[in-house]
Amino acid sequence: MTSVALLGQILDHANRADPYPLYAELRRTPVVRDESGPYLVSTYWEIHSLLRDPRVSSDIRNLAPEAKTGPGTEDPDLPPSFIRLDPPDHDRLRRLIMRTYGPPHSPRRVYGLHGEISGIVSGLIDRFQGRGQIDLVDDFSYPFPVTVICRLLGVPQEDEQRFHGWADTVATAIEPPVGTPEEQEAHWRSIREAHHQLAGYLSGLIEQRRRAPREDMISALATDRGADENPMSLPEMLSNLTLLLIAGHETTVNLITNGMLTLLRHPDTLKQLRTDPDLVIPLVEELLRFEPPVQLLPERTTLDDIEIAGTTIPQGASLWLVPASGNRDPQRFPEPDRFIPDRPDNQHFGFGSGIHNCIGSPLARLEAQTALAELVRRLDNPRLVEDPPPYRHNAALRGPQHLPIAFDGLSR
Amino acid sequence: MAVDGSLERLRREGRIVVVGASLAGLRAAETLREEGFTGTLTMIGDEPYEPYDRPPLSKQVLLGRVPADHTALPRRRAIEAQWRLGVAATGLDLSAKRVALADGTSVEYDRLLIATGVRSRPWPNELEAGLDGVFVLRTRDDATRLRHRLKAGPSRVLVIGAGFTGSEIASVCRERDLPVTVAERGPTPLSGALGSVIGDVAAQLHHQHGVDLRCGVMVTGLEGDGAGRLRRAHFSDGGTVDAEVAVVALGATRNTEWLAGSGLAAGPRGIACDAGCRAFDVRGIVADDVFVAGDVARSPHPLFGYQFLSLEHWGNAVAQAAVAAHNMICRGEERRPHLWTPYFWSAQFGVNIKSVGVPNMADQIIVSQGSLGEHRFTAAYGYQGRVIAAVTFDQAKWLEFHQRQIEQAAPFPPPFTTVDRRAEGMRPVPAGFPDPSVPTHGPQVTVSGHSPTDQRVTFTPA
Ligand SMILES: Cc1cc2nc3c(=O)[nH]c(=O)nc-3n(C[C@H](O)[C@H](O)[C@H](O)COP(=O)(O)OP(=O)(O)OC[C@H]3O[C@@H](n4cnc5c(N)ncnc54)[C@H](O)[C@@H]3O)c2cc1C
């Protein structure tokens, strides 16, 4: 098997605005080893099958140390969060979270936020009043999901400001390090510091809610007896709550920003959405296929040799799946490079697939649907100021750093 | 080309008749229209209702969450059919291409699809079966009646047979807080479908949820009071139990009696057909214009030694209907085989059970992930060194992997390392199926005659 040098180009910020030609090149060989080490899998059916293959591990402790992509977003003093574990530990934690978050035990948790989400969206858009231009990221996409997560978890409104600060800092650990060694060290120090403050804050909140539970998720987690299994320990709660916070933060931002960018590049679709707001439901699915916030899934390991598409990935290999490439695989999606807002049979990898399938998907869908429909309804004659916009560094969680949008006025 | 011309005419103005207006029948009709059939489509069903879904009947409907008349199957498209509901097909004349109906009329066809499914096997003693309080569960009406009775809060329910349906009913009773006794002839619940290793887990679920489970016994008699109401059941071990309601869940019989004398290879095990869903006649020759789909079909599966399989699986009915419909209106070389890998699900005692492949062909089983004791696991079934089936309890997300393994005839026991492999899953054990050499059905077809010219196939419904 030949190895390729595509990963370097994919990670290269110069290609961030349009990585899709690189993915197309990658797909010519469904499974390849990159010269930098990891095995890259880029075609739909192969990704689909590896995401369901019990020989593939997500446990961070199985990963060769040199295969780690960075110091990571997790607090080293806490146990791994459930996405970095395999069954049975993963399953137990995921079940415990789902008991408080989704059906059958808590079927109304996300749906119940409907009204609040609309209110937050309207409130943020109202603040555009009197302006001719906004930065969608700073003015909308960024503040929006954190506010929602705070409401979901039960972070009191008066603490939201502090909470935003820690969350922002912790989330920057996702970005690759930049600057001099001293600057990088300072960067990590600030992240560790934010982790500790966040953990301290959350412990206090958990303790409070344990004594006086409310209708929120932290109360539910803190008081859950776990049915027939061990309830979450405090350290487990801290690492998993931090994960929920980061995951709910870094991905929805990109989903909404990519969404507006795509709509502004497809003015006919934008017009269509204005007259038919229900189009937003399939449209968000197509967005998740066409411009998924999570482009790469690195940091998986093979527990055994796996033969796939004529190639054997050896045991212990570092495996990188490229769902954003699978989403554009012509073997699976007709005309994959076209944005078709009502595309039928759209089983994309926008939320991953298999046992680690994103638990936040119902919330993310609701947030993106509400936000995009409302932005499109209220902004008069919106247009891109810059195309492509500047992108953030991260290649795995890809999205614009800023998205300046000009508009003529605001509808009620 | 003459052949193509007539096929074109069939697609444009032909007459297609579907007997059995339920899941397979409806999905086939939809496929026919989708693939461009514009002729006359007649749907014949002996139930008075438009096609509805059965799996909820033993789950949400009995629980009282969904009314029985809210189970209509969603329509995927308009089918513009002539509906003949509430009237059974009573006979088939293959040479005249005509279906006789119970109201004395008949319908002619160019192509016929048979999707008459199965019905519950009734309690064998007719007098006892007629007692007030004795039920079966197959149809919407059955479900309505049983639900009504469960709602009244009977002092005890007896479920006869702990297969999937019986176990689901027992689970519903416990969820409704009704005392329930389950009588099962085999060593454990589900042992016929999944073997006794998994059956033991099922038994634990019954016990954990407070079911009075009695295995290794048969119900020998049902006793009524003076008013003809069920009062008591007698068991083969001499025991008795007092119950006001008994649900007979002893499996199903194929609805093929109406085909008696038609010349089709139709009997108690279903209607034999080829992999393209074309029915066989009793000589083993395909009847070109007659197709079969769903629970009533029995078709050879190349993956399982070309064995004829009859499956009572929802997904199979859907997939087979689509293949049958496609093959009914296309040219020979465009026909598709029904290569469905059997797949089944059930929900009981809060556990989501799924299986893929043909477990009861297996001789061995291994717990490939998770643990039987935790009631959360994936187990693979082996037959002569290859993977033939898998079952999951609350671990459905691994099933697709096992399906590929089955389809690729992968070795058994699975030699590789996986996540969540436990010590108990390192060595295969016998799967614990009843001895397959003991026949459960009589012979159906015999061959007689000495010289090739006078050899004959004789068909004897068992
Ligand atoms: C209570 C219950 C629970 C189930 N749960 C599950 C489950 O969890 N998972 C799963 O995979 N499967 C389940 N099944 C099985 C699934 O419902 C069947 O596989 C499916 O219904 C088969 O569809 P069919 O169209 O082949 O047959 P059927 O649904 O049986 O339809 C056949 C129809 O033909 C009619 N008919 C029969 N004879 C004649 C005649 N002579 N003339 C006219 N009409 C006739 C019948 O009355 C019936 O309406 C369940 C079934 C039941 C009864």
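Residues numbered from 1 in each chain as written. Chains lettered and ligands numbered in written order. Predicted model: local features only at pLDDT ≥ 70, side-chain atom pairs only at ≥ 80, totals over all residues. Heavy atoms only, no water.

In the nomenclature of an unreviewed UniProt entry, chain B is known as FAD-dependent oxidoreductase of Streptomyces yatensis. The record held by UniProt for chain B lists under Cofactor (unreviewed entry) the comment "FAD". (UniProt positions renumbered as here; feature names shortened; annotations may be inferred.)

For chain A, the name recorded in an unreviewed UniProt entry is Cytochrome P450, with Streptomyces yatensis as its organism.

Draft legend 1. Expanded view of the sheet that holds strand S14 (residues 230-235) of chain B. All names here are of chain B. Strands sit in the order S13-S14-S15 across an open sheet of 3 strands; the sheet is antiparallel. Looking at strand neighbours, the two that pair on one side only are strand S13 (219-224) and strand S15 (240-242), the edges of this open sheet. Recorded for the sheet is a direction-independent mean angle of 20 degrees between the axes of neighbouring strands. As judged from the 3 bridges shared by S14 and S15, these two strands associate in the antiparallel manner. Bridge assignment links Ala 233 to a residue of S15, and that residue is Val 241. (Pairing = 2+ DSSP bridges. Helix = DSSP H or I, 4+ residues; strand = E, 2+ residues; numbered from the N terminus. Axes fitted to C-alpha atoms, helices over the stretch in contact; angles between N-to-C directions.)

Draft legend 2. Representation of the site of the ligand in the model. Residue and element names in this part refer to chain B. Lining the immediate surroundings of the ligand are 30 residues, of which Asp 46, Glu 47, Arg 54, Lys 59 and Asp 295 lie closest. Note that an oxygen atom of the ligand is positioned 2.9 Å from one of the backbone N or O atoms of Trp 345. Breaking the shell around the ligand down by element, the ones donating at least two residues are helix H2 (23-34), strand S2 (40-45), helix H9 (314-328) and strand S24 (343-348). For the shell around the ligand, a count of residues per class yields 14 nonpolar, 9 polar and 7 charged. (Near = heavy atom within 4 Å. Polar contact = N/O pair within 3.5 Å; in protein donor to acceptor, adjacent residues only side chain to side chain. Nonpolar A, V, L, I, M, F, W, Y, C, P; charged D, E, K, R; others polar.)

Draft legend 3. The arrangement of the UniProt feature "domain: FAD/NAD(P)-binding" (unreviewed entry) in chain B in detail. UniProt's entry tags residues 15-321 of chain B with the feature "domain: FAD/NAD(P)-binding" (unreviewed entry), counted in the numbering of this structure. In this annotation, residues 15-321 of chain B is assigned 22% helix and 31% strand; the end-to-end C-alpha distance for the span is 18 Å.

Draft legend 4. Molecular detail of the pattern of salt bridges. Residue and element names in this part refer to chain A. Applying the stated criterion to the full structure yields 61 salt bridges over all chains. Taking the shortest distance from any N to any O, the salt bridge between Glu 207 and Arg 211 comes out at 3.6 Å. Of this pair, Glu 207 and Arg 211 both sit in helix H9 (residues 181-211), 4 residues apart, which is roughly one turn of the helix. The exposure class assigned to Glu 207 is partly exposed, which follows from its relative accessible area of 35%. Its relative accessible area of 64% is what places Arg 211 among the exposed residues. The salt bridge involving Arg 332 is made with Asp 345; its shortest N-O contact spans 3.2 Å. Separated by 13 residues along the polypeptide, Arg 332 in the loop between helix H14 (323-326) and helix H15 (361-378) and Asp 345 in the loop between H14 and H15 bring together distant segments of the chain. (Salt bridge = Lys/Arg side-chain N within 4 Å of Asp/Glu carboxyl O. Buried < 20%, exposed > 50% of the residue type's maximum accessible area, 1.4 Å probe, protein only.)

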